[in-house]
Every structure is written in structure tokens, then in C-alpha cells.
Amino acid sequence: MKPLEGIKVVDLTTYLAAPTTVRVLGEWGADCIKVESAKGDPARTQGAVFNMPYEDDENLAFDVANFNKKFITLNLKSPTGIDVMYKMLAEADVFVTNTRTKSLVKLGLDYETLKKKFPRLIFAQVLGYGEHGPEKDTAGFDVTCYMARGGVFGTTVNRGDAPMIPTNGFGDFQVSMMLASGICAALYNRTRTGEGDKVTVGLHHAAVFALSTGLISAQYGNPYPKSRLEVVNPFNNVYRTGDDKWIVICCPEYDRDYEKIMRLIGREDLVGDARYKKCDDINANGLNPQVVGILDEAFKKFTRDELLKLFKANDLACEGAYEPLDIYEDEQVWANAILKKIPYPSGERNVPSSPVNFASNPDPAFVVGGSQGAHTVEIMEHLGYSREEIQKAVADGDVEGEKRLKKL
């Protein structure tokens, strides 16, 4: 039995963080229904932004956050639309949304309203800047709330360079796992109390938490951003190799490993050199850039694969700074089902699986749900609406059936 089999989730989400939360719950066995307005989730056309196709039969930019769902289209501002929504929520265990709170209040889908109507319901919400403070109603995306305001851009940049250009949704996908964990905790607590709960994760908060080491050490004088030429330990750093790739080494015991590394890179002349062999001394004397320069020069004489082989054979932690095309070829990825192959009209496509694994669910499904409103009629029939009532609701614009995607 899958971990969340029997759990029902209603999804009122857009873009990436919140819908991916539901996708993950679906991987874990939950029965998930996504609610869209007539204009649909804007993510359905984000393939244009990601340089990918976006058609009903192949829309991986949308599917990556929306596997394992059924789709219904409702006008939540109409009495019939909200009635359908409430009937779904009456059967649901979890409601997930990233709609801003002031809009939820207008719709009658805010936490306080739903708590009174459905006391066992878990209400889960992705927020930009949290529930309180002057920015609580400000629109937010991962690149603004998480990457910028959360400190990721300003902290992780090599000092003096421009901030990195992140892959879309870098913060969103992390937040999705955080919210999924909170939902599971709330579901467990409900088994003891019989009551639902409110679970929120803010993009801003999540980024600050992820930067915990930098946040706590900065108050003791540890400055960020850092320069790779001035890192405290040159053996914890990034280096360019002769084949124009980056390698990352992480050897925290500098004094212990100094002579071994100097021999490995062909700098026997520096073995025992009193200027460089102790980490405290190079920091006290400002010699960090010199050691980094020595390593820069030496590493350019090797390819990335040669250095990886050399360091790993000597039990020194290192890795290549892999790019997506490298990850496709990584045998460790396929051995652990980190990527899954999903069939599309253009061929099999690689999709990352969620990083939490269960012995009870060793091969989670990735079901492509299809077009907007593809399951409207099916869901309404399940809820007890007659064929005539459904037809009238469609005619009145209260609900919509299947609508094929049109490129903008």
C-alpha cells in the first residue's frame, strides 16, 4: 500500500511550488484533483519561457508540477462553481493553494471559513513573504522572494560577479517538499486530535532557512559574499580544469591533506613549505590567494575526469560541477531512479523524481493528466450531479469541460 493511498487532495494552485507539492503527494499515492479557472493555470504556456513545447500531448514544463492529477475547471465566483468546490472539499483530506489570502477570503476559501465548514480538512498554502508584515499581500515568485529577498543571490555569488542566473523554480521545488512534509505531519496529528490544521510555507522563509550557516555565522564576522580567491580553506573551493569544466573539492582537514594534495598535483616542491602547509598560517598571513593560484595553475593541466579519478582514488572528496546534460549520463542517477523516463510524442523525456523514497512505493507513477477540464464531467458525476445539471452548468459558464490548449 502506498504511503498516502486513500488521502484525497484538492489543488487550487498555479505555477510551480504549490502544484508540485500536490504532484509529490500523488507520487506517494494520494488522489489529487486540480481546480482551474476558465483561463487555466498560466503554467500551461510556460513552455515558451523554458524553451520547450507546450501542447496537450507534450507539455513537460506544466506536467513536471502536475503529474498524477485530474483536472476540473470551475468558475468559483458563481454559486454552482463554489458549490462544486465545497462538495469536493467535503470529501477531501487536504486543500493546497498558493492563491493570496485576500483573494481566498473573497471566494470563501480562506482558512477561517473552511475550518468552520470542514474541521478535519488540512489547509496548506504556499506564501511569498509569509502571513504577517508589510509584504504579506505582495505578489511573489521564487526568483524574488526566495532567490533575492531570501539572500540566495547575494550570499552565493562569487564576490564582485553578477548574481547567478538560476534555473526556473529553483526555490519552488524545494518549497514543495517542505510543504509536503508539513502536510504529512498535519495528517498524522489529525489521527490523534481528529482536527485539521493550517500549514504554510513562505518562499522567503524557506530561503533564509536554507542559508542557515551563512545567516548564523555572519553575525560573528563571517562575511558574505565570498571570493573564491580568499576562501578560508583553499581545499574547499571550485576550480576550472583543462577541458573548461568546473570541479569542486571538499577537503576540510587542510593541514592533514596539504602534502598529499601537493604531491597528487605534481607540486612536490611545495611539500613541507612552511608558508602554506598550515591553514591558520595562510589565513594569518593573507596567503589564501596564493594557494588558490597554485591550485588553479595545477588543475588546468588535468581534465575534469582525470582529476575526479585522481582525487577519489586517494579518498579526497571531490565532484564535477555537473550540467544537465552530464546528469543525463550519470550512472548513479539511474541506479537510484533519480530521473525517470516518461514517454512523449517526441520520444522519452527525463524527469526528476521526488527525493523521498519508500520501500512500500519503490516505483511511483508519473501519470500525465491531460487537458484543462479533462475530468470535469467525471468528477461532477461522482459528486452526484445529474447529466442535466452538468450540461446547464457548462451552458451557464459555471464549469467547463475539456478545453484543448491553444498557443498564444
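Residues numbered from 1 in each chain as written. Predicted model: local features only at pLDDT ≥ 70, side-chain atom pairs only at ≥ 80, totals over all residues. Heavy atoms only, no water.

Colleague: Got a sec to walk through the overall build of the chain? Specific residues and values, please.
Modeller: A tally of regular secondary structure across the chain gives 18 helices and 12 strands. Its C-alpha atoms give the chain principal-axis dimensions of about 90 × 50 × 45 Å. Counting over 408 residues, the chain shows a buried share of 45%. Looking at the chain as shown, the accessible area adds up to about 21,000 Å², and 53% of this sits on carbon and sulfur atoms. Measuring between centres, the 48 positive side-chain charges of the chain sit 3 Å from its 57 negative side-chain charges. (Helix = DSSP H or I, 4+ residues; strand = E, 2+ residues; numbered from the N terminus. Buried < 20%, exposed > 50% of the residue type's maximum accessible area, 1.4 Å probe, protein only. Areas by Shrake-Rupley, 256 points an atom, 1.4 Å probe, with all protein chains shown as cover. Lys, Arg positive; Asp, Glu negative; His and termini not counted. Charge placed at Lys NZ, Arg CZ, Asp CG, Glu CD.)

Colleague: Mind laying out the side chain of Ser-217, listing which residues take part and the relevant values?
Modeller: Secondary-structure assignment places Ser-217 in helix H10 (residues 212–218). For Ser-217, the side chain forms a polar contact with the main-chain oxygen of Gly-214, separated by 3.5 Å. Within the structure, Ser-217 has its side chain in polar contact with the side chain of Asn-222 (distance 2.9 Å). Apart from residues lying up to four places away in sequence, Ser-217 is in contact with Asn-222 and Tyr-224. (Polar contact = N/O pair within 3.5 Å; in protein donor to acceptor, adjacent residues only side chain to side chain. Contact = heavy atoms within 4.5 Å.)

Colleague: Go over the sheet that holds strand S7 (residues 236–240), please, and point to the residues and values.
Modeller: Spatial strand order, S7-S8-S9: three strands in an open sheet with antiparallel pairing. Of all the strands in the sheet, just S7 and strand S9 (318–320) have a single pairing partner and so form its edges. Going from strand to strand, the sheet's axes swing by 20 degrees on average, the running direction of each strand aside. Here three bridges tie strand S8 (residues 246–250) to S9, and the two strands are oriented antiparallel to one another. Bridging across to S9, Val-248 finds its partner in Glu-319. Taken strand by strand, helix H13 (residues 288–299) contacts S7 and S8, and its axis lies near 40 degrees from that of S7. Relative to S9, helix H14 (residues 304–313) is tilted by about 160 degrees, and along the sheet it contacts S8 and S9. (Pairing = 2+ DSSP bridges. Axes fitted to C-alpha atoms, helices over the stretch in contact; angles between N-to-C directions.)

Colleague: Describe the side chain of Lys-69, listing the residues and the values that go with them.
Modeller: Residue position: Lys-69 is located in strand S3 (residues 69–74). Residue Lys-69 is classed as buried on the basis of its relative accessible area, which comes to 4%. Reaching out from Lys-69, the side chain makes a polar contact with the side chain of Asp-11 at a distance of 2.7 Å. Looking at Lys-69, its side chain comes within polar contact range of the main-chain oxygen of Pro-19, at 2.9 Å.

Colleague: Go over the pairing of strand S4 (residues 94–97) with me, naming the residues and quoting the values.
Modeller: Here S4 shows a buried face lined by Val-94 and Val-96 and a second buried face lined by Phe-95 and Thr-97. The sheet contact formed by strand S1 (residues 8–12) and S4 spans four bridges and is parallel. Paired with Val-9 across the two strands is Val-94, which belongs to S4. One ladder, built from four bridges, connects S4 with strand S5 (residues 122–127); its direction is parallel. Looking at the pairing, Phe-95 lines up with Phe-123 of S5.

Colleague: Describe helix H8 (residues 170–193), naming the residues involved and giving the relevant values.
Modeller: Compared with the 34 Å implied by 1.5 Å per residue over 24 residues, the 36 Å span of H8 between its first and last C-alpha is a close match. Turning to H8, its buried residues are Gly-171, Asp-172, Val-175, Ser-176, Met-177, Leu-179, Ala-180, Gly-182, Ile-183, Ala-186, Leu-187 and Arg-190. Packing partners of the buried residues in H8 comprise helix H1 (17–27), S4, S5, helix H6 (142–149), strand S6 (198–202) and helix H9 (203–210). (Expected span 1.5 Å × (residues − 1).)

Colleague: If you had to explain helix H11 (residues 254–264) to someone new, which residues and values would you point to?
Modeller: Turning to H11, its buried residues are Tyr-254, Asp-257, Tyr-258, Ile-261, Met-262 and Leu-264. Mapping the buried residues of H11 onto a view down its axis gives an arc of 145 degrees, with all of them on the same face. Looking at the buried side of H11, the elements it contacts are helix H12 (279–284), H13 and H14. Of the residues flanking the end of H11, it is Gly-266, one or two places downstream, whose phi is positive at about 80 degrees. (Arc of directions from axis to C-beta.)

Colleague: An account of a positive patch on the surface is needed here, citing residue identities and associated values.
Modeller: On the surface, Lys-39, Lys-77, Arg-100, Lys-102 and Lys-106 cluster together to form a positively charged patch. As for its placement among the helices and strands, Lys-106 is situated in helix H4 (residues 101–107). In this structure Lys-106 comes out as exposed when scored by relative accessible area, which is 76%. (Patch = residues over 30% accessible without salt bridge, like charges linked within 9 Å, V, L, I, M, F, W, Y side chains within 5 Å. Salt bridge = Lys/Arg side-chain N within 4 Å of Asp/Glu carboxyl O.)

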